[in-house]
Amino acid sequence: MIWRSAIVLSVALSLAACGNETNPFDTTEATDTTTDEDTTTDDGLDQINGDNVTLPGTANPTPDTGLYRYEEMTEDGDGFALRPMYSASSDTFSFDNLAFDGANLFNRDDVVPSLGPAGGSGPFAVYENPETVTDPVNGKDIDQLPYKAIYAASTSGDTEVVVVRTGGFIPYGFGGFIYQRNDGASVVIPQTGQARFEGAYAGLRDFDGQGGLEYTVANITVDVDFEDFNGDNAQDAIRGRIYDRHVYDTNGTEVTQDILDALTAQNGVTYNSLPVLLMDIGPNTVDVNGEASGTLQSTIVTTSGTEVLESGSYYAVLSGAAPDEITGVVVIESSDPRVDGITVRETGAFIAER
């Protein structure tokens, strides 16, 4: 059994997708109030050439259909929320299986309503749950754990992504993500040529060892070489850069300089910006269904040489006849230079288009 210690007046959140072939981001009114258990398990899809990672979700993906992937449920608390549903008419999200989140309904955040690259105001929308719930018997208010969620859809509407995390538990709280290519969309993977996708990145940063949440924003470029490496499947190479990164607290105050100052004090080298996150180049990254996965990292120069600051994985899906867009999630970890013994996990979402 998984236990977490809640932090009063901190953030707590989590997400996992619904376990069937319906669209988890139903853009109609959120009227599904059922509480059936999610019966979906990892579909056991064979890894292509041994390296391409497949998350739980669509059991039998094809290039001609929609598909969705969500964070796998783990003993660390990931992948616990169920049935994310977006209502376009009210601009709200609902999530099931989150304790002390109000009535499972997330409204647009009234302090930081949207996130985007520095100087921008989107395309990622930010949502939060109510602060209190009233006991219907005695009328007393019950404090809720504050949850945050970020969501975006591509310009075409063919792909979507949502991330939810918490800072209300020690260690990491319950959380997760989902990304998808919607029903009616498809992808064509070329046999030759290269493509550049450009777009926006935003994420939630939670901590192992302390409570609290932070936002992060950046720009992203993703390049795909469709004709190398050589092979029958999943050989297309990806190169990506997440750059011009900034970090904010949940009040919208930038804290990037605090991180840079702490890194400078720690390493004896002056840093003027957060390092670029680079996707590692290698084979086995894109399959015939337009799914992609791989690793990424950032490095910094210290007095001892070059060192890895952050590392983790990315997961994505391509869509369109060209293809036209790529949407996905990044999960990385690093030591927080501001506080000894604290680990930062950044779960970011991105949408990039040609």
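This part covers the pattern of salt bridges. Scanning the model with the defined rule gives 14 salt bridges in all. Lys 148 is paired through a salt bridge with Asp 109; the nearest N and O atoms lie 2.3 Å apart. Of this pair, Lys 148 sits in strand 10 (residues 148–153) while Asp 109 sits in the loop between strand 5 (105–108) and strand 6 (114–115), and the two are 39 residues apart along the sequence. This pair shows no difference in class: Lys 148 is buried, exactly as Asp 109 is. In this structure, a network of salt bridges that share partners links the residues Arg 205, Glu 214, Arg 245, Glu 310, Asp 336, Arg 338 and Glu 346.

Right, let's get into the pairing of strand 20 (residues 325–335). On any regular strand, side chains alternate: one points to one face of the sheet, the next to the other face. Strand 20 sits mainly inside the fold: nine of its 11 residues count as buried. Pairing of strand 19 (residues 305–319) with strand 20, which is carried by nine bridges, proceeds in the antiparallel orientation. Paired with Ser 313 across the strands is Val 331, a residue of strand 20. Pairing between strand 20 and strand 21 (residues 343–353): 11 bridges, direction antiparallel. Note that in strand 21 the partner of Val 330 across the bridge is Gly 348.

As a further point, take the packing of aromatic side chains. This model, assessed by the stated rule, comprises eight aromatic pairs. The interplanar angle of 70° and the centroid separation of 5.0 Å between the aromatic rings of Phe 93 and Tyr 151 together place this pair among those described as edge-to-face. With a gap of 58 residues between them, Phe 93 in strand 4 (residues 92–96) and Tyr 151 in strand 10 connect regions that are remote in the sequence. A relative accessible area of 0% places Phe 93 in the buried class. Note on Tyr 151: relative accessible area 9%, which makes it buried. Seen in terms of ring centroids, Phe 106 and Tyr 147 are 5.9 Å apart; in terms of plane orientation they differ by 75°. Their pairing is edge-to-face. Of this pair, Phe 106 sits in strand 5 while Tyr 147 sits in the loop between strand 9 (141–143) and strand 10, placing them 41 residues apart in sequence. Each member of the pair, Phe 106 as well as Tyr 147, is classed as buried. Clustering of aromatic rings is evident, with ring pairs tying together Tyr 86, Phe 93, Tyr 127 and Tyr 151. When the ring centre of Tyr 243 is taken as reference, the NZ or CZ atom of Arg 241 above it lies at 4.9 Å. Positioned over the ring face of Phe 197 is Arg 354, at 5.7 Å from the centre of the ring.

Around the barrel, which closes on itself, the eight strands sit in the order 14-15-16-17-18-19-20-21 with antiparallel pairing between neighbours. Adjacent strand axes in the sheet meet at a mean angle of 25°, parallel and antiparallel pairs treated alike. Helix 1 (residues 256–267) contacts strand 14 (194–208), strand 16 (237–249), strand 18 (291–302) and strand 19 of the sheet and is inclined by roughly 105° relative to strand 16.

For Arg 165, the position within the fold is in strand 11 (residues 159–165). A polar side-chain atom of Arg 165 sits 3.1 Å from a polar atom in the side chain of Glu 71. At a separation of 2.8 Å, a polar atom in the side chain of Arg 165 contacts the side chain of Thr 347.

Rules of the game
Residues numbered from 1 in each chain as written. Predicted model: local features only at pLDDT ≥ 70, side-chain atom pairs only at ≥ 80, totals over all residues. Heavy atoms only, no water. Salt bridge = Lys/Arg side-chain N within 4 Å of Asp/Glu carboxyl O. Helix = DSSP H or I, 4+ residues; strand = E, 2+ residues; numbered from the N terminus. Buried < 20%, exposed > 50% of the residue type's maximum accessible area, 1.4 Å probe, protein only. Pairing = 2+ DSSP bridges. Phe/Tyr/Trp six-rings, centres within 6.5 Å; stacked < 30°, edge-to-face > 60°. Lys NZ or Arg CZ within 6 Å of the ring centre and 35° of its normal. Axes fitted to C-alpha atoms, helices over the stretch in contact; angles between N-to-C directions. Contact = heavy atoms within 4.5 Å. Polar contact = N/O pair within 3.5 Å; in protein donor to acceptor, adjacent residues only side chain to side chain.

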